[in-house]
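The chain contents come next:
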Amino acid sequence: MNESVINHIEKAIADRKTDLLHLRVLAERADPDKQNEYYRIIEEIVARENAVRDRLARFSDAEPEARPTLQKEIEELWQGTEEAIEVAKAKILEF
């Protein structure tokens with residue numbers, strides 16, 4: 001994984017903050033019965049992002065032979081995070 005890929009994922013995480021803020025606002029305006037579910041979904045996304053950040057931080061210190069495995073893990077975690085955000089948008093926007 002080169003610096004441009006790392007920078008791309010870090011930028012994407014920063015860009016997704018707006019999406020998460022929007023989801024939080026929508027969750028606040030939702031029915032009380034749905035709020036807890038929406039907040040749980042949002043917190044799961046935040047946990048996924050934190051896992052990606054953790055792996056990104058470890059990448060620069062990783063041994064060269066460990067980097068391909070870590071790169072794949074980072075890419076899969078990020079893909080899962082993006083998918084979770086899209087699912088959350090669909091679910092929360094349906095209210």
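Above this text sits the structure in question.
Just so we're clear, the structure is a prediction, and the values are computed from it rather than from any experiment.

**Description of the environment of leucine 93**
Relative to the helices and strands, leucine 93 is located in helix H3 (residues 67-93). Spatially, the C-alpha atoms of leucine 93 and glutamine 79 are 21 Å apart, while their sequence positions differ by 14 residues. Residues within four places of leucine 93 in sequence aside, it is in contact with His22, Leu26 and Ala88.

**Here's the deal with the side chain of threonine 81**
Mapped onto the elements, threonine 81 comes out in helix H3. Judged by relative accessible area, threonine 81 falls into the buried class, the value being 0%. In contact with threonine 81, not counting residues within four places along its chain, are Ile45, Arg48, Glu49 and Val52.

**As for the packing of helix H2 (residues 32-59) against H3**
Interaxial distance between H2 and H3 falls to 9 Å at its minimum, and their mutual angle equals 160°. Taken together, the axes of H2 and H3 lie roughly antiparallel to each other. Between H2 and H3 the crossing geometry is left-handed. In terms of residue class, the contact of H2 with H3 is made up of 16 nonpolar, three polar and eight charged.

**Digging into H2**
Compared with the 40 Å implied by 1.5 Å per residue over 28 residues, the 41 Å span of H2 between its first and last C-alpha is a close match. By the burial criterion, the buried members of H2 are Tyr38, Ile41, Ile42, Ile45, Val46, Glu49, Ala51, Val52, Arg55, Leu56 and Phe59.

**Overview of the side chain of aspartate 19**
Structurally, the position occupied by aspartate 19 is in helix H1 (residues 3-29). Here the side chain of aspartate 19 touches arginine 16 through a polar contact of 2.7 Å, side chain to side chain.

**Description of the pattern of salt bridges**
Evaluated as defined, the whole model comprises 14 salt bridges. Salt-bridge contacts for lysine 11 lead to aspartate 15; the nearest nitrogen and oxygen are separated by 3.0 Å. Of this pair, lysine 11 and aspartate 15 both sit in helix H1, four residues apart, which is roughly one turn of the helix. Among the residues examined, lysine 11 registers a relative accessible area of 51% and is labelled exposed. On the basis of relative accessible area, aspartate 15 is assigned to the partly exposed category, the value being 44%. Residue glutamate 86 is joined to lysine 89 by a salt bridge in which the shortest nitrogen-to-oxygen separation is 3.6 Å. Highlighted residues: glutamate 86 and lysine 89, both in helix H3, separated by three residues, approximately one helical turn. Look at glutamate 86 and you get partly exposed, because its relative accessible area is 40%. A single salt-bridge network, built from bridges that share partners, covers Arg16, Asp19, Glu82, Glu86 and Lys89.

The rules behind each value
- Residues numbered from 1 in each chain as written.
- Predicted model: local features only at pLDDT ≥ 70, side-chain atom pairs only at ≥ 80, totals over all residues.
- Heavy atoms only, no water.
- Helix = DSSP H or I, 4+ residues; strand = E, 2+ residues; numbered from the N terminus.
- Contact = heavy atoms within 4.5 Å.
- Buried < 20%, exposed > 50% of the residue type's maximum accessible area, 1.4 Å probe, protein only.
- Axes fitted to C-alpha atoms, helices over the stretch in contact; angles between N-to-C directions.
- Parallel < 35°, antiparallel > 145°, perpendicular 65-115°, else oblique.
- Left-handed = near helix turned anticlockwise from the far one by under 90°.
- Nonpolar A, V, L, I, M, F, W, Y, C, P; charged D, E, K, R; others polar.
- Expected span 1.5 Å × (residues − 1).
- Polar contact = N/O pair within 3.5 Å; in protein donor to acceptor, adjacent residues only side chain to side chain.
- Salt bridge = Lys/Arg side-chain N within 4 Å of Asp/Glu carboxyl O.

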